[in-house]
Amino acid sequence: MAQMEHIEAIEKRLWSAADTLRANSNYASNEYFLPVMGLVFLRHAYSRYLGVKNSIEANLPTRGGKARPLTKEDFSQKSAIYLQHKAQFDTLVALPDSADRAKAIIEAMESIESDYESLRGVLPKNEYQELDNDVLGQLLRTLNPDELKRVSGDVFGRIYEYFLTQFADQKAHDGGEFFTPISLVSLIANVIEPESGTVLDPACGSGGMFVQSARVVERKDENPTEKLTFYGLEKNATTIRLAKMNLAVHGLEGDIQKAITYYEDPHELLNKADFVMANPPFNVDEIDADKVKRDPRLPFGLPGVNKKEKVSNGNYIWISYFYSYLNEQGRAGFVMSSQASSAGRDEAKVRQKLVETGDVDVMVAIRSNFFYTRTVPCELWFLNRGKPEKHRDKVLMIDARNIYRKVTRKIYDFSPEQEQNILAIVWLYRGQTERYLDLVAGYSLRMLDEAAGCFSSHEDNGSSIEPLPDFIHSLASQRSALDPFLKTLDEDAAHTEPLKELVEAAATFNADVQKFQATITEEQTAWKNQKTSNGELKKAVDRLAPLAETSRNLVKQSDLLYKLVSRIIEICETELDARDSHVWENSAITRARKAADVARALAVEQLKQVRYFWRQGHWLTERFPDAELRDVEGLVKLVERAEIEANDWSLTPGRYVGVAPEEEDEDFDFEETLREIHVELNDLNDEATRLAKTINKNFKELGI
């Protein structure tokens, strides 16, 4: 089971522990977030340091049999930070209670700042003096769990981002606007694909656009520090610190200047940027029109100005700036209020001029609840000044409002596969058919891998499990624990019918599991000769449909078997006086029951992955059967400029793609609906717990 798919529980536990410690400090949440992020920064930096240290040491030049000392340049080439011994996280965790932890952390931060000029004055230091020594010790240990020492990959990179999301959700800093949801940033980066050149974010927040741009380069096994140059503008000094920390912890550097972008342009990148990415503040209405009216970054003129000589809405100031920064081949991707794409009057005139350039490339509508601090829907705009001639009079409209995954009751995002499927539409638009076909083939292959994983799967710690065989074995163990008592019962006792149903269901299940395994072997063999033309891949997806359906049926059968055994135990205890019998070993039966439940959960989780990845491939082949872009009702349409003009120059995707047809009841995803209900219930329970703690604290303060 892939570690990145199961890190959520660890993230939540780390956050809960860190957040709980806030109660033992003098800091409010808006003060607590920076020292916590500083420690997460240190832990993340240490994780990346350890990840590359051995390979660096193995390739160090030697003289007289001695390798030269490690340098920060060695680590920079591997997108990591060099850490002196005093700054290594294990050193800080190992400090005894008698040590001054705040002083040690400050010295660790100072050592990093001395090695990296771009971080001087950026890392939190004095903030730690306000935290109790014991609290700091707990916090250090919390962020250093044993399980995370055994995993590989950029797990702490994800945890760093998770902590940013949580602080954003709490509005712990700048109203939470410093953070753009990773789903949206990743989609923007992967649509514009900044592979080399200058990347500008004129409203850079905590630097997420830069990090995701770097990942685009890293996936090509290239070094982002050699390929990309980052420039940012940000008005908030504390947010700049966060951004520089975020860059540094990913082994990146950037020139981030403090500026109010409406009035200042310190980088002077007009018509020079290869890529512009941003999530600016929406619907700002206090921009001084007199200060900006002659700005060369407004090639389409000012949008509406009110009686107070203020720009009525700043959305088109931002849009104009983004466009003007691009060079002749430049590409931009940015988040914008959904109001902007159909705004009227002077804003519509600016939008018309923009559309008439032919450089508006793609529009993607995003549903509400993707942001942590606002529930409004938004749209992603993509501009391309090097757009192919055949597309110059067209705009690709994608309505992704029906594509989402529920994270909490309030927050939605895209799963990695949902993001890939949206990208696949863009690939088809660009004629990148091979990428589309590779994705479809990848889903089918992943499906087969997950199916094989039902019988043998490797864990992160190197151990292996056999989800389905283990579940079958656990059922047999349960039956063995029950049999001594069941043999003492009459044939017509209360347990008879459910026992008969269990025996029949188990026989059917075992037979179906054997058929499932045989089919997997057959399909794996067939895949070795699989042709990857669109027609053959579509046939493969259709051919794999029964396997996907079998995995779904096995989930239902697994749940039924466990329920039947539980029902028999309940009957034995409540109706057949089992606890009074000397052959009823309650502890052994309880252990067997718990083990079976764990085994069932693992088997069910693995089985669900089989159908999940089949559905992703089927989603694509059903909508684009010829591996060519086509209009799909409620999803996508390639719109001619004449149609845009006829619709008041609107760039709202929903206005063109129509309404998605209502799915038939047989396609209703009951499992996904239950998952969403479970997410919502957990969220409500968490809120109830927090509220109870607050009420209890208030009562204590009142002396009640």
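Described below are features of the structure shown in this document. Computed from a predicted model, the values in this text were never measured in an experiment.

This part takes up the packing of helix 18 (residues 467-486) against helix 21 (residues 545-574). Interhelical geometry of helix 18 versus helix 21 gives an angle of 20° and a closest axis separation of 12 Å. Between helix 18 and helix 21, the interaxial angle falls into the category roughly parallel. As helix 18 packs across helix 21, the resulting crossing turns out to be left-handed. Here Phe-471, Leu-475, Gln-478, Leu-482, Phe-485 and Leu-486 of helix 18 come into contact with helix 21, specifically with Ser-558, Leu-561, Val-565, Ile-568, Ile-569 and Cys-572. In the contact of helix 18 with helix 21, the residues fall into ten nonpolar, two polar and no charged.

Side chains of nonpolar character tend, in soluble globular proteins, to be buried together. Counting residues in each nonpolar core, the largest one holds 108 residues, and the members touching the most others are Phe-414, Tyr-436, Leu-468 and Phe-516. At eleven residues, the largest contribution of residues to this core is made by helix 21. Not counting residues within four places of it along the chain, the set of residues in contact with Phe-414 comprises Ser-183, Leu-184, Leu-187, Ile-366, Phe-370, Ala-400, Ile-403, Tyr-404, Arg-405, Glu-419 and Ile-422. The next biggest cluster of nonpolar side chains, apart from the first, holds 43 residues, and it includes Ala-259, Tyr-321, Val-355 and Trp-649.

For a regular strand, side chains alternate in direction, first toward one face of the sheet and then toward the other. In terms of burial, strand 12 (residues 394-399) is a largely internal element, five of the six residues being buried. The pairing of strand 10 (residues 360-366) with strand 12 spans four bridges and is classified as parallel. Looking across to strand 12, one finds that Ala-365 is bridged to Asp-399. When strand 12 meets strand 17 (residues 636-640), the two strands line up antiparallel, connected through five bridges. Among the inter-strand pairings, Ile-398 is bridged to a residue of strand 17, identified as Val-636.

Relative to the assigned elements, Glu-127 resides in the loop between helix 5 (101-115) and helix 6 (133-142). Of the polar contacts made by the side chain of Glu-127, one reaches the backbone nitrogen of Lys-125; its length is 2.9 Å.

So, about the packing of helix 16 (residues 416-429) against helix 22 (residues 586-623). Viewed as axis vectors pointing N to C, helix 16 and helix 22 meet at an angle of 15°, and their least axial separation amounts to 11 Å. As far as their axial angle goes, helix 22 and helix 16 are roughly parallel. The hand of the helix 16/helix 22 crossing is right-handed. Only Tyr-612, Phe-613, Gln-616, Trp-619 and Leu-620 of helix 22 make contact with helix 16, whose side of the interface consists of Glu-417, Asn-421, Ala-424 and Ile-425. Classifying every residue of the contact of helix 16 with helix 22 by side-chain character gives six nonpolar, two polar and one charged.

This brings us to the pattern of salt bridges. This structure, assessed with the given rule, holds 29 salt bridges. As a salt-bridge pair, Asp-359 and Arg-392 come within 2.3 Å of each other at their nearest N and O atoms. Of the two residues, Asp-359 is situated in the loop between helix 15 (345-356) and strand 10 and Arg-392 in the loop between strand 11 (378-384) and strand 12; the sequence distance between them amounts to 33 residues. Relative accessible area serves as the criterion here: at 4%, Asp-359 is assigned to the buried category. When its relative accessible area of 17% is taken as the criterion, Arg-392 is described as buried. A salt bridge links Arg-600 to Asp-597; the shortest N-O distance between them is 3.0 Å. You can see Arg-600 and its partner Asp-597 sitting in helix 22, three residues apart, about one turn around the helix. The buried category is assigned to Arg-600, whose relative accessible area is 18%. Residue classification places Asp-597 among the partly exposed positions, given a relative accessible area of 28%.

Strand order across the open sheet formed by nine strands is 5-4-3-6-9-11-10-12-17, with mixed pairing between neighbours. Two strands lie at the open edges of the sheet, namely strand 5 (254-258) and strand 17, each paired on one side alone. Across this sheet, the average inter-strand angle for adjacent strands is 15°, counted without regard to direction. Lying over the sheet, helix 9 (residues 182-192) contacts strand 6 (273-278), strand 9 (326-337), strand 10 and strand 11, oriented at roughly 20° with respect to strand 11.

Here we come to the packing of aromatic side chains. One pass over the full model with this rule turns up 17 aromatic pairs. A centroid spacing of 5.2 Å and a plane angle of 45° characterise the contact between Phe-300 and Tyr-323, whose relative ring orientation is tilted. Taken together, the residues Phe-300 in the loop between helix 13 (289-292) and strand 8 (310-311) and Tyr-323 in helix 14 (residues 315-325) connect sequence positions 23 residues apart. Here Phe-300 and Tyr-323 have matching classes, each one buried. Judged by centre distance (5.1 Å) and plane angle (85°), the rings of Tyr-612 and Phe-613 are edge-to-face. Judged by its relative accessible area of 2%, Phe-613 falls in the buried class.

What follows concerns helix 12 (residues 237-249). The end-to-end C-alpha separation of helix 12 is 19 Å, in line with the 18 Å expected for 13 residues at 1.5 Å each. N-capping of helix 12 is provided by Asn-236, with a side-chain oxygen placed 2.9 Å from the backbone N of Thr-238. Among the residues trailing helix 12, Gly-251 stands out with phi positive, at a value near 75°.

Trans is the common state for peptide bonds, and a negative phi is the common state for residues other than glycine. Of note in this structure, Glu-193 is not a glycine but carries a positive phi near 45°. Among the structural elements, Glu-193 can be located in the loop between helix 9 and strand 3 (197-201). Even without being glycine, Asp-221 reaches a positive phi, approximately 60°. Inspection of the secondary structure puts Asp-221 in the loop between helix 10 (208-218) and helix 11 (224-227).

Here is what the cut-offs are and how they apply
Residues numbered from 1 in each chain as written. Predicted model: local features only at pLDDT ≥ 70, side-chain atom pairs only at ≥ 80, totals over all residues. Heavy atoms only, no water. Axes fitted to C-alpha atoms, helices over the stretch in contact; angles between N-to-C directions. Helix = DSSP H or I, 4+ residues; strand = E, 2+ residues; numbered from the N terminus. Parallel < 35°, antiparallel > 145°, perpendicular 65-115°, else oblique. Left-handed = near helix turned anticlockwise from the far one by under 90°. Contact = heavy atoms within 4.5 Å. Nonpolar A, V, L, I, M, F, W, Y, C, P; charged D, E, K, R; others polar. Core = buried A, V, L, I, M, F, W, Y, C linked by side-chain atoms within 4.5 Å. Buried < 20%, exposed > 50% of the residue type's maximum accessible area, 1.4 Å probe, protein only. Pairing = 2+ DSSP bridges. Polar contact = N/O pair within 3.5 Å; in protein donor to acceptor, adjacent residues only side chain to side chain. Salt bridge = Lys/Arg side-chain N within 4 Å of Asp/Glu carboxyl O. Phe/Tyr/Trp six-rings, centres within 6.5 Å; stacked < 30°, edge-to-face > 60°. Expected span 1.5 Å × (residues − 1).

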